[in-house]
Amino acid sequence: LYVVDPTRPRTVDVASRLRGRVRGIVGGAVELVLMNKVDLAPEWEIGPPEVGARAGGNVDVMEVSALSGHGVDAAFHRLARRMVEMPCHASTEIV
């Protein structure tokens, strides 16, 4: 889960670098980018398509507000649903 502030595009670049490091360690983890401060959308300097592209592509991007709670439940539901749908690669071998 990566939270970015569209009023400060640099946070998207930081999230992208972090995402690259996480993917290098974990591989195909479930990921979601949250654009915080939806209540300040008129002040955003970057929109959802650019956030997705700058975050490295192939990732869900959702708009949320930590202040009002808008979209937060939906984001966690999507994250949980994606985790459940993800194929399990765990070994079934009992040691």
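Scroll up for the structure.
Residues numbered from 1 in each chain as written. Predicted model: local features only at pLDDT ≥ 70, side-chain atom pairs only at ≥ 80, totals over all residues. Heavy atoms only, no water.

For this particular structure, what's the right way to read helix 1 (residues 10-26)?
Side chains three or four residues apart in an α-helix point the same way, a direct result of the helix having 3.6 residues per turn. Look at helix 1: 24 Å from first C-alpha to last across 17 residues, which is about the 24 Å you get at 1.5 Å a residue. Turning to helix 1, its buried residues are T11, V12, A15 and R19. The arc that holds every buried residue of helix 1, seen down its axis, measures 90°, which confines them to one face. Counted as exposed and oriented over 90 degrees from the buried face of helix 1: R10, R17, R21, G24 and I25. Against the buried residues of helix 1 lie strand 1 (2-4) and helix 2 (48-54). (Helix = DSSP H or I, 4+ residues; strand = E, 2+ residues; numbered from the N terminus. Expected span 1.5 Å × (residues − 1). Buried < 20%, exposed > 50% of the residue type's maximum accessible area, 1.4 Å probe, protein only. Arc of directions from axis to C-beta. Contact = heavy atoms within 4.5 Å.)

Which parts of the structure should I look at to understand the side chain of T7?
Counting through the fold element by element, T7 comes out in the loop between strand 1 and helix 1. On the basis of relative accessibility, which here comes to 16%, the residue T7 falls in the buried class. A polar atom in the side chain of T7 sits 2.5 Å from the side chain of D5. Once residues lying within four places of it in the same chain are set aside, the contact partners of T7 are K37, E43, W44 and E45. (Polar contact = N/O pair within 3.5 Å; in protein donor to acceptor, adjacent residues only side chain to side chain.)

What's the story with the sheet that holds strand 1 in this structure? I'm lost.
Pairing between the strands of a sheet comes from backbone hydrogen bonds, and it takes one of two forms, parallel or antiparallel. Spatial strand order, 1-2-3: 3 strands in an open sheet with parallel pairing. Sheet topology places strand 1 and strand 3 (60-63) at the edges, where each strand pairs with a single neighbour. Strand after strand, the sheet turns through a mean of 25° between neighbouring axes, direction not considered. One ladder, built from 3 bridges, connects strand 1 with strand 2 (residues 32-35); its direction is parallel. Counterpart to V4 in the pairing with strand 2 is M35. Of the strands in this sheet, strand 2 and strand 3 are in contact with helix 3 (residues 72-85), which crosses strand 3 at around 160°. (Pairing = 2+ DSSP bridges. Axes fitted to C-alpha atoms, helices over the stretch in contact; angles between N-to-C directions.)

Help me understand the pairing of strand 3, please; the structure alone is not making it clear to me.
With 4 bridges connecting them, strand 2 and strand 3 associate as parallel partners. Residue M35 lies in a different strand from strand 3, and its bridge partner there is E63. With respect to chirality, the unit in which strand 2 leads through helix 2 into the neighbouring parallel strand 3 is right-handed. (Right-handed = clockwise from strand over helix to strand, strands pointing away.)

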